[in-house]
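Spelled out from the first residue to the last, the chains are:
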Amino acid sequence: MSLPTSRRTAWAYSLVVTLLAVSGVMQMPIASRYRITTVPGLAWLGDFWFTHKLHYLGAMALLALVSYLVTRWVLEWRREYALTVFGLARAGLLAALIVTGAVRVLKNLPGVSFSPEPIMLVDWTHLGLALLLGLLALARRIAKAGYVRPR
Ligand code: HEM
């Protein structure tokens, strides 16, 4: 089956999501506690502000990539292709990650404050969604299924 997206786009997606997953996990922060920083070449993972900025950079790249893919989907691809259950689940997870991520960005702005309970819910939801995205990618590999199918 010929896919609407190129190999280059698939690589860009994998790269951006890996960057977000690594920099996101380092926000918890765990690199120093679990001595990941003692591994040669990985000391930078303990620099919270650096990984924080990397996460923001990754989020910008993801928003650009998703905007490009959604635009092409709406204007061209949806006539010939449909999303599979895996495709629908991935689109839903990414949308929810972007919304919860945007709320966390808002929370980080100076002068913006939310009550602790709802913000904790958003934090945990963002983390849970990231985990689900990884599990979905694994399940799709095991099922040898695609994210899109021809109509
Ligand atoms: C594939 C996409 C993404 C993954 C896998 C991901 C993963 C993560 C993880 C694991 C955390 C740490 C969770 C925690 O502290 O409880 C985190 C934190 C965060 N994420 Fe994401 N994220 C993604 C997309 C985004 C997007 C699109 C945005 C912005 C629009 C965003 C903004 C944030 C912010 C602001 C934080 C908190 C940083 C802080 O401690 O202040 N994320 N992310």
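Residues numbered from 1 in each chain as written. Predicted model: local features only at pLDDT ≥ 70, side-chain atom pairs only at ≥ 80, totals over all residues.

**Quick word on the environment of Leu-20**
Stated formally: Only DSSP runs of H or I covering at least 4 residues are called helices, and only runs of E covering at least 2 are called strands; the numbering of each starts at the N terminus. Note on contacts: residues are paired as contacts if their backbone-placed C-beta atoms lie within 7 Å.
Positionally, Leu-20 belongs in helix α1 (residues 7-25). Those residues in contact with Leu-20 that sit more than four places away from it in its chain are His-55, Gly-58, Ala-59 and Leu-62.

**Thoughts on the site of the ligand**
Selection criterion: Defining nearness, a residue is near a molecule or strand when the C-beta atom obtained from its backbone falls within 6 Å of it. Under the convention adopted here, Pro, Cys and the residues Ala, Val, Leu, Ile, Met, Phe, Trp and Tyr are nonpolar, Asp, Glu, Lys and Arg are charged, and Gly plus all remaining residues are polar. Bear in mind that the domain bounds are from an automatic or database domain assignment.
For the ligand, the set of nearby residues contains 23 residues, the closest of which are Gly-24, Ala-59, Gly-101, Arg-104 and Ala-130. Those elements giving two or more residues to the shell around the ligand turn out to be α1, α2 (48-75), α3 (85-108) and α4 (116-143). With seven residues, the single largest contributor to the shell around the ligand is α3. Tallied by class, the residues present in the shell around the ligand amount to 14 nonpolar, seven polar and two charged. When residues of the shell around the ligand are assigned to domains, at least three map to each of domain 1 (1-65) and domain 2 (80-151).

**A short note on the nonpolar core**
Counted only if it meets this: We define the nonpolar core as any set of buried residues of the types Ala, Val, Leu, Ile, Met, Phe, Trp, Tyr and Cys, connected via C-beta atoms lying within 7 Å of each other. Put simply, a residue is buried when 20 or more other C-beta atoms lie within 10 Å of its own C-beta and exposed when 12 or fewer do; between those, it is partly exposed, and each C-beta is set from the backbone.
Val-16, Val-17, Leu-20, Ala-59 and Leu-62 form the largest nonpolar core, which has five residues in total. If you list the elements that add at least two residues to this core, you get α1 and α2. With three residues, the top contributor of residues to this core is α1.

**Details of unusual backbone geometry**
The backbone of Arg-35 sits at a positive phi, close to 60°, despite the residue not being glycine. Inspection of the secondary structure puts Arg-35 in the loop between α1 and α2. Classification of Arg-35 by C-beta neighbours within 10 Å gives exposed; the count is 11. Residue Lys-144 is not a glycine yet carries a positive backbone phi of 50°. Mapping Lys-144 onto the fold places it in the loop between α4 and β2 (148-150).

**What about the domain arrangement of the protein?**
When cut into domains, the protein gives domain 1 (1-65) and domain 2 (80-151). The C-alpha-based centres of domain 1 and domain 2 are spaced at 15 Å. Of the residues lining the interface, seven residues belong to domain 1; the matching set on domain 2 comes to eight residues. Counting residues per element, the ones that place at least two in the side of domain 1 that touches domain 2 are α1 and α2.

**With respect to the packing of α3 against α4**
The line we're drawing: For helices, the fitted axis covers only the stretch in contact; all axes are lines through C-alpha atoms, and the angles between them, taken along N-to-C directions, range from 0 to 180 degrees. An angle below 35 degrees is treated as roughly parallel, one above 145 as roughly antiparallel, one from 65 to 115 as roughly perpendicular, and anything else as oblique. Helix crossings are classified by the rotation of the near helix relative to the far one: an anticlockwise turn of less than a right angle makes the crossing left-handed, while a clockwise turn makes it right-handed.
At a closest axis distance of 9 Å, the pairing of α3 and α4 adopts a crossing angle of 150°. Comparing their axes, α4 and α3 come out roughly antiparallel. Regarding α3 and α4, the two cross each other, and that crossing is left-handed. Packed against α3, whose contacting residues are Phe-86, Ala-89, Arg-90, Leu-93, Ala-96, Leu-97, Thr-100, Gly-101, Val-103, Arg-104 and Lys-107, the element α4 presents Ile-119, Val-122, Asp-123, Thr-125, His-126, Leu-129, Ala-130, Leu-132, Leu-133, Leu-136 and Arg-140 at the interface. Among the residues making up the contact of α3 with α4, the classes are represented as 13 nonpolar, four polar and five charged.

**Some points on α3**
Selection criterion: One fewer than the residue count of a helix, multiplied by 1.5 Å, yields its expected span.
Given a rise of 1.5 Å per residue, 24 residues ought to cover 34 Å, and the 34 Å separating the end C-alpha atoms of α3 matches this to within 8%. Within α3 the residues assigned to the buried category are Leu-93, Leu-97, Thr-100 and Gly-101. The inward-facing, buried residues of α3 contact α2 and α4.

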